[in-house]
Amino acid sequence: MIEEGFPCIPKGKEVEVRLRSALVLLFAGFFGLAQASGDLGSWAEAHWEALVQADVEGLMATVDPQALVAFWGTPWAGFFVGEGIAQAFSRFFEEYQVEEAVTTRVHAEASLVVGEAVLGEGAGLLRIYLQFAEDGKIVAADYVLVGGEGVPLVDGAIGEGEYARQVEVAGAKIAWRNGAVVLFVGLSAPGTGWVALGLDRTGILHQGSHIVIAAVTPEGLWIKQYDGRHPAPFYVPSARENRDILDAAGAVHDGWTTVEFVIPLDRRDPGYRPLLPGQAYEALVAYHRTSKELRKHTDIGVFWIELAGPTQ
């Protein structure tokens, strides 16, 4: 008898060899990710040390010459490249002192590290997103002053002034703000059912898009990332599971479901194009007014999501 949920595996030496090979690849992949996580952690640590020491030269030694850096919520918020990055760091240290900086999350598949820096004199918290090249240099970075002007709070409510851009499509509201590394999204739709956003579709309907679907349940927020397909099934669970969702929150209020989440612009996934600051991408929004289960949408719409960049 075959136990439900398990494949029927034929017997024989050939299968044993294939199985051993698969296990070798599995463990190699696991230890490869573990090694990558360790490298990312040590690379980030050098950056944190220079940040605490207010060492502009030391910081620049960790940054690729072609890097793109963004500051959010500071008086000099914007994108910086080349010599402008060192100038932005100098301005930062004129305003703030970093008491401590630590890694809070490592996303090895995306070569991404999330960190937090405690600012002196009660100035608050700086959330930092670093994305690395294979040589350990930072190729993109976001320095986000939590609670600063124009910085979204991921709390399940789209506040006034939180997001740089907002559109209404098919009865839903979509708001977003991006830096050099991450994209903050606020998605609000009428009803109490599920809501979804698909980014950078490349074909018919959902094809090629990175899809995030969420619902607010009695147990809390349910959120999951999917890969868009065509023909059916139109979406399948991502092999990344939810690792590209760096933060999320949701709530139902006054008959509307609102979900906020943070994802990398560049997932470092060979199946998807990176989302580049300053460019525009086709996207779709869908929702169901009453069902929290994944059934055919009540409404769906297509729009273009324009990302801020260094020339904007």
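In the block above lies the structure referred to throughout.
**Student:** Where do I start with helix H3 (residues 83-95) in this structure?
**Tutor:** Each α-helix winds once per 3.6 residues, and so residues spaced three or four apart point in a common direction. Helix length check: H3 (13 residues) gives 19 Å between terminal C-alpha atoms against 18 Å at 1.5 Å per residue, within 8%. The complete set of buried residues in H3 reads Gly84, Ile85, Ala88, Phe89, Phe92 and Phe93.

**Student:** Looking at this structure, I do not really get the pattern of salt bridges. What am I missing?
**Tutor:** Pairing is possible between side chains that carry opposite charge, provided their charged atoms lie close to one another. Summed over all chains, the structure comprises six salt bridges. Salt bridges sharing partners connect three or more residues here, namely Asp244, Arg267 and Asp269.

**Student:** Got a minute to help me understand the nonpolar core in this structure?
**Tutor:** Across soluble globular proteins, you tend to see nonpolar side chains buried next to one another. With 32 residues, the main nonpolar core has Leu51, Phe71, Phe92, Leu130 and Tyr143 as its most contacted residues. When residues of this core are traced back to their parent elements, those giving at least two are helix H1 (13-52), strand S1 (63-72), H3, strand S3 (98-107), strand S4 (112-119), strand S5 (124-132) and strand S6 (138-145). Residues Val169, Trp176, Ala214 and Ile223 belong to the second largest nonpolar core, which totals 27 residues.

**Student:** Would you take a moment to explain the side chain of Glu162 for this structure?
**Tutor:** In this structure, Glu162 sits in the loop between S6 and strand S7 (165-169). A polar contact of 2.6 Å, which involves the side chain of Glu162, links it to the backbone nitrogen of Gly159. Beyond its immediate chain neighbours, meaning those up to four positions away, Glu162 contacts Gly150, Val151, Pro152, Leu153, Ala157, Arg177 and Glu260.

About the criteria used
- Residues numbered from 1 in each chain as written.
- Predicted model: local features only at pLDDT ≥ 70, side-chain atom pairs only at ≥ 80, totals over all residues.
- Heavy atoms only, no water.
- Helix = DSSP H or I, 4+ residues; strand = E, 2+ residues; numbered from the N terminus.
- Expected span 1.5 Å × (residues − 1).
- Buried < 20%, exposed > 50% of the residue type's maximum accessible area, 1.4 Å probe, protein only.
- Salt bridge = Lys/Arg side-chain N within 4 Å of Asp/Glu carboxyl O.
- Core = buried A, V, L, I, M, F, W, Y, C linked by side-chain atoms within 4.5 Å.
- Polar contact = N/O pair within 3.5 Å; in protein donor to acceptor, adjacent residues only side chain to side chain.
- Contact = heavy atoms within 4.5 Å.

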